Amino acid sequence: MLGRVALDHSRIPDLRAAECELATRLLRERFHECCMIGRDLVRMLQDVARIPVFHDLWQDMLQRPQSLSPLFAGIEQLLRTPTPPTFLANRITYEMEARLRFILENLPATSYSRNLMWFVQRYLSTPESESLFSDLIRYIIGVFHPSNAVLASNVVPRYVFLGGLLRFIRSPVVAANAKLALFYDWLFYDPKSDTIMNIEPGVLIIAQSVDKYTFMTASFIEFLAYESDAYSPELAPAIRGSIGLAMQDAVEKGVIPSIMPIYEHPRIEVDIRQNLYYLFPQLVPPVPNPAPSEASVDDAEPAKDDDAIAAEIRTLDPVSRMFQEEFGITDFDLAPEGPTDADNTNGISDTTAKGGALEDVALVASAEPLSEISVEQALEDTSLWLFGSTLQTFVDSVAAAEPDVKQIGRSVKEIVDMFAQSEASISAIARVLASIFSDSLDMEDVETNAELTAAGESSDGLEHDLLHYILTAAADYTHTTDMTNSTRRVLQLLVQLTEAKVDVGFRWLLYSVVNAGKPVQYARYVDQYAEGTLQAALVRDLGMLQEQFPGLFYTVLPQIYAAFPDAFPGCRGIVKSAIALIDQPQVYRLSALIARGQLQLFGHRQAAITAIIGMTLESDAFEQ
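Since the structure is predicted, the reported quantities are computational estimates derived from the model, not experimental observations. (Residues numbered from 1 in each chain as written. Predicted model: local features only at pLDDT ≥ 70, side-chain atom pairs only at ≥ 80, totals over all residues. Heavy atoms only, no water.)

**Q** Would you mind going over the side chain of Glu200 with me for this structure?
**A** Assignment of secondary structure puts Glu200 in helix 14 (residues 200–208). Within polar-contact distance, the side chain of Glu200 engages the side chain of Arg158 at 2.8 Å. Aside from chain neighbours lying at most four places away, what touches Glu200 is Leu151, Arg158 and Val255. (Helix = DSSP H or I, 4+ residues; strand = E, 2+ residues; numbered from the N terminus. Polar contact = N/O pair within 3.5 Å; in protein donor to acceptor, adjacent residues only side chain to side chain. Contact = heavy atoms within 4.5 Å.)

Structural data, given as structure tokens:
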């Protein structure tokens, strides 16, 4: 426990040094007794192995095991020993344990998310608490085993809770540690000493996520395939055998009937099927060989040197790696050098993390304008780990010679859903979308925008189709009366796209008022600005609408006035937009609307009317 707590005290060096010194002294002097902790002792030492005093101990365990105890045969002895629940429970407080058990023993799957969000904000919202994610996962897997009565009820299953918990992780390093905690018992599973209850959550989260959260299923399978070789190359065959044995035992004991539904699922890519066969050859058939390619042998990917392999290891799995000497890499410090993005809030060192509270999201533009970076640069943001290959697949589909617009729409819906239900960086996903809009402006027109066509206008272009799909997906989260965390995140995404010079404002105004008939959606969007009023937002968005689609502007003006009647009277900006390019038919139309009381531009206050008249003195002759 001292080793795990030391990770949280990076900002208190004296306390951390004392904890590390005491922990290493106990391990060296009473190592044989400490061995009963089992495999989670190794997991702890991996995380703290970069601290100098633990580094020396770690090297002794790897290279000189009997210097610690004559009865210690090596790391594999510890890894083959399951950790007793008592040790796993020590990492969390009694209060946290009581809150967790209340959720997992009493709350139905339909209503646990509010309590989970409260739990995360209460205990996991600070940078120092990020290490608790993996310990909580180990507690849920190894300590809390629900009774048969709970399993038969509608109480939230463990795998559902764990899936929800994973979506709150921001850092890829913490995510890698959390996935390792989830599947740690798989790597050295033995039915004689391990319990199937430690395997069940991982099996179910892979099997049950495949329909709605395919990216999570694919991510977990890729992680298992990678760890089977990389966790300990010396033990790789044994680890693969243990992983296969764990899944086979789960199938035989009825946790799931088969893994063939995962293997045959249409959204599972070929490489994931190959990983499934690699891990579970006894449960799935081999993947058929693809047709021979006409590509030249010269196009083959060149062999990678040690530096490239090291860089790939950092990218694929940032968790502390054991037996790193066997990769041919001699540098001990393989830690990432820190965030590469100016606004990245996810530090990836083991000592500090620069994130704030879950809801602390800046609405101002970052140091590097969102619209001035390429899509490739935007996709490098480490906070997008949760999306897996979904974003890259979406980018490739947009860049295709003949884009499938309907498929793009489905991809946008999936991305917005994943974003709304996670804690992925808002600015990071805004960068990706803004960059796609910037790069797609010169693409061939593919489909007339639905909103503008319905209003009697046409504007062809893929960028409009993309924006329409984003607004449609966003509307699913903004039509409710409650301001949930997902609603707030989606609205903040729209705000950041607006700040990135994407024409979200007037399009969202049209969508909310004209298409959906729900002005409150637009009002909520305006509320997400750090500064600004509804009237100022209407001036900006109606001005952009008038500049780009003047005919549509005069068509929808009465509807927008009906939605926001208090914002129009006496507003010089709206009056200026109304008369900027007005022609004779539109003069008659506006006059009729004002006469019938369906539009008020000037209001009844003398001061406002006088100000508007004074404004016209500065206008050109046509506007006067």
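Picking up where we left off.
**Q** What is the right way to read the layout of surface pockets from this model?
**A** Empty pockets left among the atoms are what a rolling probe the size of a water molecule brings to light. Taken as a whole, the second largest pocket holds about 990 Å³ of empty space. Lining the second largest pocket are 32 residues, with Tyr112, Ser113, Arg167, Gln421 and Ser486 sitting closest to its centre. Sorting the residues of the lining of the second largest pocket by element identifies helix 9 (113–123), helix 12 (158–166), helix 14 and helix 26 (485–499) as the ones contributing at least two each. For the lining of the second largest pocket, the element with the highest residue contribution is helix 9, accounting for six residues. (1 Å grid on protein atoms, 1.4 Å probe; cavity = no way out; pocket = protein on both sides within 12 Å on 5 of 7 lines; lining within 4 Å. Points joined across faces, edges and corners; volume = space filled by probe spheres on them.)

**Q** Looking at this structure, I do not really get helix 29 (residues 534–548). What am I missing?
**A** Each α-helix winds once per 3.6 residues, and so residues spaced three or four apart point in a common direction. If you check helix 29, its first and last C-alpha atoms are 21 Å apart, about what 15 residues at 1.5 Å a residue would give, namely 21 Å. For helix 29, the full list of buried residues reads Ala537, Leu538, Asp541, Leu542, Gly543, Leu545 and Gln546. (Expected span 1.5 Å × (residues − 1). Buried < 20%, exposed > 50% of the residue type's maximum accessible area, 1.4 Å probe, protein only.)

**Q** Got a minute to help me understand the packing of helix 12 against helix 14 in this structure?
**A** The axes of two packed helices give the description: the angle between them and the distance between them. Two elements in contact, helix 12 and helix 14, have axes separated by 8 Å at closest approach and are oriented at 70°. Taken together, the axis directions place helix 12 and helix 14 in an arrangement best described as roughly perpendicular. Where helix 12 abuts helix 14, its residues Arg158, Tyr159, Leu162, Gly163 and Leu166 lie against Glu200, Pro201, Leu204, Ile205 and Gln208. Considering only residue class, the contact of helix 12 with helix 14 consists of six nonpolar, two polar and two charged. (Axes fitted to C-alpha atoms, helices over the stretch in contact; angles between N-to-C directions. Parallel < 35°, antiparallel > 145°, perpendicular 65-115°, else oblique. Nonpolar A, V, L, I, M, F, W, Y, C, P; charged D, E, K, R; others polar.)

**Q** Please clarify how the nonpolar core should be interpreted in this entry.
**A** For soluble globular proteins, nonpolar side chains are generally found buried alongside one another. Ranked by size, the top nonpolar core spans 167 residues in total, and within it Leu45, Trp186, Trp508 and Tyr525 carry the most contacts. At nine residues, helix 23 (residues 426–439) tops the list of elements feeding residues into this core. Contact partners of Trp186, with chain neighbours within four places excluded, come to Ile199, Gly202, Val203, Ile206, Leu224, Ser242, Ile243, Ala246, Met247 and Phe280. (Core = buried A, V, L, I, M, F, W, Y, C linked by side-chain atoms within 4.5 Å.)

**Q** So what exactly am I meant to see when it comes to the packing of aromatic side chains here?
**A** Within a pair of aromatic rings, the relevant descriptors are the distance that separates the centres and the angle that separates the planes. All chains considered together, the criterion is met by twelve aromatic pairs. With a centroid separation of 5.8 Å and 5° between ring planes, the pair formed by Trp508 and Tyr511 is classed as stacked. With Trp508 and Tyr511 both in helix 27 (residues 504–515) and three residues apart, this pair spans about one turn of that helix. For the pair Trp508 and Tyr511, a shared accessibility class is recorded, and that class is buried. In this structure an aromatic cluster arises from ring pairing among Trp118, Phe119 and Tyr123. (Phe/Tyr/Trp six-rings, centres within 6.5 Å; stacked < 30°, edge-to-face > 60°.)

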